[in-house]
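Observations on chain architecture
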Amino acid sequence: MPQKEDQVLTFVKSAVLVAFNGPSIRNAAAQDIVAFLGILEPKNWPECLQQLAAFNVLEKACEDYPRKLDVETNGTWPLEYMIPKFIVLSEHPSSKMRAHAIACLSYFVPIGCQSLFVHIDTFIACLFKRASNEDSAVRRHVCQALVLLLASRPEKLMPEMANVTEYMLYSTKDKQENVALEACEFWLTFAEDPDLAPYLHPLLGKVAPVLLDCMAYSKDDPLWLQGDEEDAAAPDEETDIKHYGGKSHGFEREANGDDVGQKRVGTYGEELDEGDDDDDDYNLDDDGEFAEEMSTEWNLRKCAAAALDVLAVRFGADLLNVLLEPLKAKLWSDDWLQRESGILALGAMVEGCIGAIEPHLPTLVPYLINTLNDPKPLVRSIIRWTLGRYASWCTQPILDDHKNTFIVPTLEGLLRMVLVNNKRVQEAGCSAFTTLEEDAGPELAPYLEPVLRNLVFAFEKYQHKNMLILYDAVGTLADAVGSALQNPTFVEILMPPLLKRWSKLKDDSNDDLIPLLECLASVTIAIGPAFLPYAGPIFDRCHTIVHTSLLQYQAYQQNPEMDEPDRSFLVVALDLLSGLTQGLGMALEPHIARSQPSLLQLITVCLKHPHAAVRQSGYALVGDTAMNCFPLLRPHVSAIMQELISQLDPEPKVEFISACNNAAWAVGEIALRYGRDDTEFQQPPRSLHENAAVSIGRIGLMHPGLVAPLLPEFAQAWCQALYEIRDNEEKDSAFRGLCTLVQTNPAGITKSLLWFCNAIVRWNQPSAELNSMFQTLLNGFKQHDAVGWAAQVVWRRFRL
């Protein structure tokens, strides 16, 4: 078989090169070559590089996998030959060849390619020489290379930084947007590096106004965006709806990193000159998708806004001082494109400039609220976003006058726009309202009825895409106002449309079920006991989803050739069950009691699931059950504790950190209640003491500052619990935790020192790290109080 595979591979490599040299399927063959080079790696297909004459294919290979090209092949380093050739070709008479050569060179900058850095000064000189080239593709790649050099080797640009910045300022205003975009990336990169701030600060007066001008839509953009349509009744196209990824799953305790960074789209890909029919060129991208993605791709406007945002964080009031007058001019301009860009800039600057902007907000916020009536949907849309950025200021619980002047008008304006007939404005309005909910929190309680009636009306109005955003708005509202939602009037307003959506989604594998389940998880917690009439079918469906998902995953494990089942449904079902547990407590007992197979048995299986998100939600459900209906959990504690303890890894993999935190929290909740409810638990089994001690030790290892002050309260019982345990990794990590606590609070072990010593001598083979900790601590105690130490030794001998 290996010989046949080699023969097939040899044939394929030969055939694709032959096809590339033919006229009919050249484009398809070129795409195959790029893909095959990535899989085989250039070192295993040297004849391809030798025969490859099409520069555009080579450029794509340099872009996609520069590290694979920077390798030794048959005793030589191809780049030692190729880099000088690229530099020579940067002066080729053909502008197309010059552009390809500079592009190829630039892709080796970020990887620290030594073959390039040997010629770095020549490369930079080549860039300066081509900076004013009449061909926009060449200028674009010159800007791209300078951006990459600034990010990787800024010291190389420092001698000419004054000239470089002037050139980049000029290029940021280039009429060709792809050139201007690459130049704008320079300012974003410049601003993101704190070490370069002293060089950038003197340029604020020149750079900031240019960025502000770049934030306006071009005259053609609104045509692409189709922003003026009243399209609320038009069903969404399938391409409008992206797969719903869901929130960060699981009710994570004490370590919720909800930092969901926004992905920046790469700019390379639309390089080819329009109208050029040269057969040597082909487009690796699908032109048919261009119009479709025009409204969401990374562009000059977004790049300028991002750069201004970072500049605001870096320079604060100094930036506002530069932009105050030009910003005012844009905000009050008669040209709606200028007004829109000014409002975008105002939102982009908020994080860094809020202190400097705040004195102006009593004027600016009413302006934004009034502009919500602007006839242009794109203006109204950006106002939603900007108001959302200032929501924390608008919703400050200061005085009634502040509420009446800012909170109420903002609330009314956003709710009014949530129900407009333009889907883009609906989306922006609903998103901004969600931000307002997060910042206002309980302050929204007095306005709940009108808020709910507007959101409920939106359920009848929204199409597919915005419905997902509406679910998030409802769930966030429930989180914000909490138990205020338990008013029967509010329950009667909110629950019918949610149940209608619930019954409409009959297929348990429908992706739309995921955001609805997440929404209901928040609603059940907020509504609490008032949710009981609706709990039965929702509990049963979640139980079915959990059971089915586990069976599907079991089948997949037995037959890995199957497609791996989507675990998102399992995760959100567990989260909704957590919500039901928090909201209903012991009232959930009849549903749990009749579940077949037992829900708590299914939870135990979830705790062993290989995926971190499932475990995280499973541990959260265990902890919530312990908090709210411990008697139901009690018969399963032994099995569950074994799984919880095994997850308390002092050095978890990154993806399991949240699951580990939830496990530690769940252990604590069980420990608080175990032994309190019935007499049969007044003397818990020894295994529980051991598990609790291991948990405390491991938590102490991870967070000694939190646990060390409590050391005197549990030290003796801790040592007694693990006195008889055989040596193993769990015991080792637990003792390392205790030693860390003793190092943090030596006085805390004083009354239990004998028990500590007895526990130490029971060890047969501690790890080298633990043994070193034992020696350090015991020597420290001996040196600190030699007389007391001798007395302890004599007493221990007498006891033995």
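Residues numbered from 1 in each chain as written. Predicted model: local features only at pLDDT ≥ 70, side-chain atom pairs only at ≥ 80, totals over all residues. Heavy atoms only, no water.

Section: the overall build of the protein
- In terms of helices and strands, the protein carries 45 helices and zero strands.
- Within the span of the protein, comprising 800 residues, buried residues form 52% of the whole.
- In the protein, once contacts between residues fewer than 6 apart in sequence are set aside, the share between residues at least 24 apart is 75%.
- If you sum the accessible surface of the protein, you get close to 37500 Å²; carbon and sulfur atoms cover 52% of it. (Helix = DSSP H or I, 4+ residues; strand = E, 2+ residues; numbered from the N terminus. Buried < 20%, exposed > 50% of the residue type's maximum accessible area, 1.4 Å probe, protein only. Contact = heavy atoms within 4.5 Å. Areas by Shrake-Rupley, 256 points an atom, 1.4 Å probe, with all protein chains shown as cover.)

Here's the deal with the side chain of S115
- Within the secondary structure layout, S115 lies in helix α8 (residues 114-117).
- Here S115 falls in the buried class, since its relative accessible area comes to 11%.
- Dropping the residues within four chain positions of it, S115 is found in contact with D70, L79, E80 and I83.

Side note on the environment of V109
- Along the chain, V109 turns up in the loop between α7 (95-106) and α8.
- When near neighbours in sequence (up to four residues on either side) are disregarded, V109 contacts L116, F117, F123, L148, L149 and S152.

Regarding unusual backbone geometry
- Look at the link from Q596 to P597: it is a cis peptide, with omega at -5 degrees.
- By the secondary structure assignment, P597 is in the loop between α33 (589-593) and α34 (599-606).

A few points about the pattern of salt bridges
- Under the criterion given, the structure shown has 19 salt bridges.
- Between R140 and E182 there is a salt bridge whose closest N-O contact spans 3.7 Å. Of this pair, R140 sits in helix α10 (residues 136-152) while E182 sits in helix α13 (residues 177-192), placing them 42 residues apart in sequence. Neither R140 nor E182 differs from the other in exposure class; each is buried.
- Note that K465 and E427 form a salt bridge whose closest N and O atoms lie 3.6 Å from each other. Linking K465 in helix α28 (residues 464-481) with E427 in helix α26 (residues 423-440), this pair joins segments that are 38 residues apart in sequence.
- By relative accessible area, which is 31% here, K465 ends up partly exposed.
- You can call E427 partly exposed: its relative accessible area is 28%.
- Several salt bridges converge on common partners, so that one network encompasses E729, D732 and R736. (Salt bridge = Lys/Arg side-chain N within 4 Å of Asp/Glu carboxyl O.)

Quick look at the packing of α10 against helix α12 (residues 161-172)
- Contact geometry of α10 with α12 gives a least axis separation of 11 Å together with a crossing angle of 135 degrees. The orientation of α10 relative to α12 falls into the category oblique. Considering how the two elements wind past one another, α10 and α12 form a crossing that is left-handed. Only M161, Y167, M168 and S171 of α12 make contact with α10, whose side of the interface consists of R139, V142, C143, L146, V147 and L150.
- Each residue belonging to the contact of α10 with α12 can be placed in one class, and the counts come to eight nonpolar, one polar and one charged. (Axes fitted to C-alpha atoms, helices over the stretch in contact; angles between N-to-C directions. Parallel < 35°, antiparallel > 145°, perpendicular 65-115°, else oblique. Left-handed = near helix turned anticlockwise from the far one by under 90°. Nonpolar A, V, L, I, M, F, W, Y, C, P; charged D, E, K, R; others polar.)

A look at the packing of helix α19 (residues 317-331) against helix α21 (residues 350-357)
- Remark: α19 packs on α21, axes separated minimally by 8 Å, with the N-to-C direction vectors making an angle of 75 degrees. Classified by the angle between their axes, α19 and α21 sit roughly perpendicular to one another. Contact with α19, carried on its side by A317, L319 and L320, involves C353, A356 and I357 of α21 and no other residues of that element.

Things to note about the environment of N299
- Secondary-structure assignment places N299 in the loop between α17 (290-293) and α18 (300-315).
- Taking the relative accessible area as the measure of exposure, N299 reaches 14% and is therefore buried.

Notes on the packing of aromatic side chains
- The tally for this structure, following the rule as stated, stands at eleven aromatic pairs.
- Ring geometry for F186 against F190: centres 5.6 Å apart, planes inclined by 85 degrees, an arrangement best described as edge-to-face. Pair noted here: F186 and F190 are both in helix α13, with a separation of four residues, about one helical turn. The two residues F186 and F190 agree in class, both being buried.
- Ring geometry for F459 against Y471: centres 6.1 Å apart, planes inclined by 50 degrees, an arrangement best described as tilted. Placement of the pair is F459 in helix α27 (residues 448-461) and Y471 in helix α28, with a sequence separation of twelve residues.
- Grouping aromatic residues by their ring pairs yields a cluster made of W718, F735, W763 and F774.
- The ring of Y217 carries R301 above its face, with NZ or CZ at 3.9 Å from the centroid.
- If you follow K731 out to its NZ or CZ, it ends over the ring of W763, 4.6 Å from the centre. (Phe/Tyr/Trp six-rings, centres within 6.5 Å; stacked < 30°, edge-to-face > 60°. Lys NZ or Arg CZ within 6 Å of the ring centre and 35° of its normal.)

Thoughts on α10
- Counted at 1.5 Å a residue, the expected span for α10 with its 17 residues is 24 Å, and the 24 Å between its end C-alpha atoms agrees.
- The buried count for α10 comes to 14 of 17 residues, which makes it a mostly enclosed element.
- The distance from a side-chain oxygen at the start of α10 to the backbone nitrogen of A137 is 2.8 Å, and the residue carrying that oxygen is D135. (Expected span 1.5 Å × (residues − 1). Polar contact = N/O pair within 3.5 Å; in protein donor to acceptor, adjacent residues only side chain to side chain.)

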